[in-house]
Amino acid sequence: MRYLKLDTSLTKSFYTKKDYDELVTEVQKARETLESRQGLGNDFLGWLDLPITHDSREVSRIKQAAGRICEHSDVLLAVGIGGSYLGARSCVELFKPYFGNNGCEVIFVGNHISGSYMNELLDYIKDKDYSINVISKSGTTTEPAIAFRILEEALISKYGKEEAKHRIFATTDKARGALKTLADAEGYETFVVPDDVGGRFSVLTPVGLLPIAASGVDIDLVLEGAKEAYLDFSTNKDVANNIAMEYALIRNLLYRKGHKLEILVNYEPRLAYFAEWWKQLFGESEGKDHKGIWPASANFTTDLHSLGQMIQDGERTMFETVLEIEDVAKDVTIKANDNNLDGLNFLAGKTMNEVNHVATLGTRIAHHDGGVPNILIKLNEVTPKSYGYLVYFFEYACAISAYTLGVNPFNQPGVEAYKKNMFALLGKPGYEELKAELEKKIK
Ligand code: PA5
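The notes below deal with the structure included here. Because the structure is predicted, anything quoted here is derived from the model rather than measured.

### A look at the sheet that holds strand 10 (residues 374–379)
1) Next: Here five strands make up an open sheet; going across it, the order is 1-10-9-7-8 and the pairing mixed. Bordering the open sheet on either side are strand 1 (4–10) and strand 8 (294–299), each of which pairs with just one other strand. Along the sheet, successive strands turn relative to each other by an average axial angle of 20°, direction set aside.
2) Next: Looking at chain direction, strand 7 (residues 261–266) and strand 8 are connected through six bridges and run parallel. By the bridge assignment, E262 is partnered in strand 8 with P295.
3) Next: Across the sheet, helix 14 (residues 352–369) is in contact with strand 1, strand 9 (318–325) and strand 10; its angle to strand 9 comes to roughly 165°.
4) Next: Contacting strand 1, strand 7, strand 9 and strand 10, helix 15 (residues 384–405) runs over the sheet at an angle of about 145° to strand 10.

Listed below in structure tokens is the structure:
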């Protein structure tokens, strides 16, 4: 596996070889279920061979659109939520310099309903040139729909209707939904979310690729990396040779041993949004039928000074998966200081990244010794290719893990409950009965 290594040595004291061997058969079966396309949710498997089936003409159209956006805009407003947001953000934040931007500045909007945020955003963009990419598979999701209504109006009043056609891009279903109807009526360029790819598996479709390309990341390389992962994981059928299967196995094994919460840990701030994407991928795929590992995340060493106590010493129901970057680009060396008043001369000559690696190792051992199993995923470099590889690795592992757990990885029935209540309470036509029922409950 070219970009990734999986080290499970700090999990082994939490289960026996017999426990492990028993699960191997189940995980192999889960993989067969996935690859034979016979499992639950099998009409949403478009992501599985996407790295080799994507339409290269569509990818060229995405790159051209991104080029045009960056030519005439300082800012791209990427409007979307959930799977129509997190994948793109995970990549944009991973490759964007900590200070500044590579391509145009991508601002993610429509992923909450804060009026205060929208008010300040309108103020921030008013003297800037901007374009909008509104992304919604269903085309009816409330959060991005509200944001788009407001931003479209602002854009049209700044540039006029004709120019809006060159500045607004809609990524949505090929035929259905309010956004598709609106985009066609207004003459906006559209990109298609494939029918058989669910939101949280859609980062390698136009959903993720257009904002990613606009941010300056080479999407051809992202897709190449995903293809390498596809070839690795679809051809290696045994747990021993397939780290996606092994990761799925270990997390299910730990879950069955009472470790019901997984913390994805990073030591590099630019990975924070990758963890947000990962949380949605695993949370929405596995949290069903009153089962599922709770996907949490932590940014170390920052959170060692807030959550560290809980992890070391709190209730023993968690395990950690550390996503470590082996070769972090850019570094600073710590120098010797004559008076050594801060007592740090023992670090002189070491770089900050070296200290960070030692912090990773020391923390992993401490948490393991405190009763927290620790999986290590080593990513050898942060490049568009390794990002594509990592995305596909987690998607593949997630599907196998959910099948091993016995749930449909590809639906999200639970997401509807809050929406129904919100619509009813807001007085949406058709929800009158539910409104009355809810009002009785809150009186
Ligand atoms: O993974 C999913 O399917 C969800 O998180 C959706 O992506 C999210 O609800 C947004 O839906 P839509 O793209 O239809 O606006």
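### Regarding the packing of helix 10 (residues 219–235) against helix 15
1) Next: For the pair helix 10 and helix 15, the least separation of the axes is 6 Å and the interaxial angle reads 40°. In terms of axis orientation, helix 10 runs oblique to helix 15. Between helix 10 and helix 15 lies a crossing whose hand is right-handed. Along the contact surface, helix 10 presents L221, V222, E224, G225, A226, E228, A229, Y230, D232, F233 and S234, while helix 15 presents P384, K385, Y387, G388, Y389, Y392, F393 and Y396.
2) Next: Counted by class, the contact of helix 10 with helix 15 contains twelve nonpolar, three polar and four charged residues.

### Quick notes on the site of the ligand
1) Next: Looking at the ligand, there are 13 residues lining it, with S84, S136, S138, T141 and Q280 nearest.
2) Next: Between the ligand and E284 there is a distance of 3.0 Å, counted from an oxygen atom to a side-chain nitrogen or oxygen.
3) Next: When the ligand is considered free in solution it has 380 Å² of accessible area, and contact with the protein chains removes 89% of it.
4) Next: More than half of the atoms of the ligand fall within 2 Å of the grid points belonging to the largest pocket.
5) Next: Class assignment of the residues belonging to the shell around the ligand gives a composition of one nonpolar, nine polar and three charged.

Reading the values: rules and limits
- Every chain begins its residue count from 1, and numbering advances along the sequence as written.
- In view of the model being predicted, local features appear only for residues whose pLDDT reaches at least 70, and side-chain atom pairs are presented and counted only at 80 or more, with totals across whole chains, interfaces and linings using the full set of residues.
- In computing side-chain values, all of the structure's heavy atoms are included and hydrogens and water are not.
- By the convention used here, strands pair only if DSSP detects at least 2 bridges between them.
- Helix numbers and strand numbers start at the N terminus; a helix is a DSSP run of H or I with at least 4 residues, a strand a run of E with at least 2.
- Every axis corresponds to a line fitted to the C-alpha atoms, with the helix fit spanning only the stretch in contact, and the corresponding angles, defined between N-to-C directions, vary from 0 to 180 degrees.
- Contacts: residue pairs with any heavy atoms within 4.5 Å of one another.
- Any angle that falls under 35 degrees is termed roughly parallel, while one over 145 is termed roughly antiparallel, one within 65 to 115 roughly perpendicular, and all others oblique.
- Two helices cross in a left-handed way if the nearer one is turned anticlockwise from the farther one by less than a right angle. They cross in a right-handed way if the turn is clockwise.
- By the convention adopted, Pro, Cys, Tyr, Trp, Phe, Met, Ile, Leu, Val and Ala count as nonpolar, Lys, Arg, Asp and Glu as charged, and the other residues, Gly among them, as polar.
- A single heavy atom is enough: if one lies within 4 Å of a molecule or strand, its residue is considered near that molecule or strand.
- Polar contacts, as used here, are pairs of N or O atoms within 3.5 Å; protein pairs need one atom able to donate a hydrogen and one able to accept it. Residues neighboring in sequence count only if both atoms are side-chain atoms.
- Working definition of accessibility: Shrake-Rupley area with a 1.4 Å probe, residue cover restricted to the visible protein chains.
- Here the term cavity refers to a set of points on a 1 Å grid, laid over the protein atoms alone, in which a 1.4 Å probe fits but cannot get out; the term pocket refers to an open set having protein on both sides within 12 Å along at least five of seven lines, with lining residues being those that place an atom within 4 Å of a point.
- Grid points define the cavity or pocket, and a molecule sits in it when more than half of its atoms lie within 2 Å of them.

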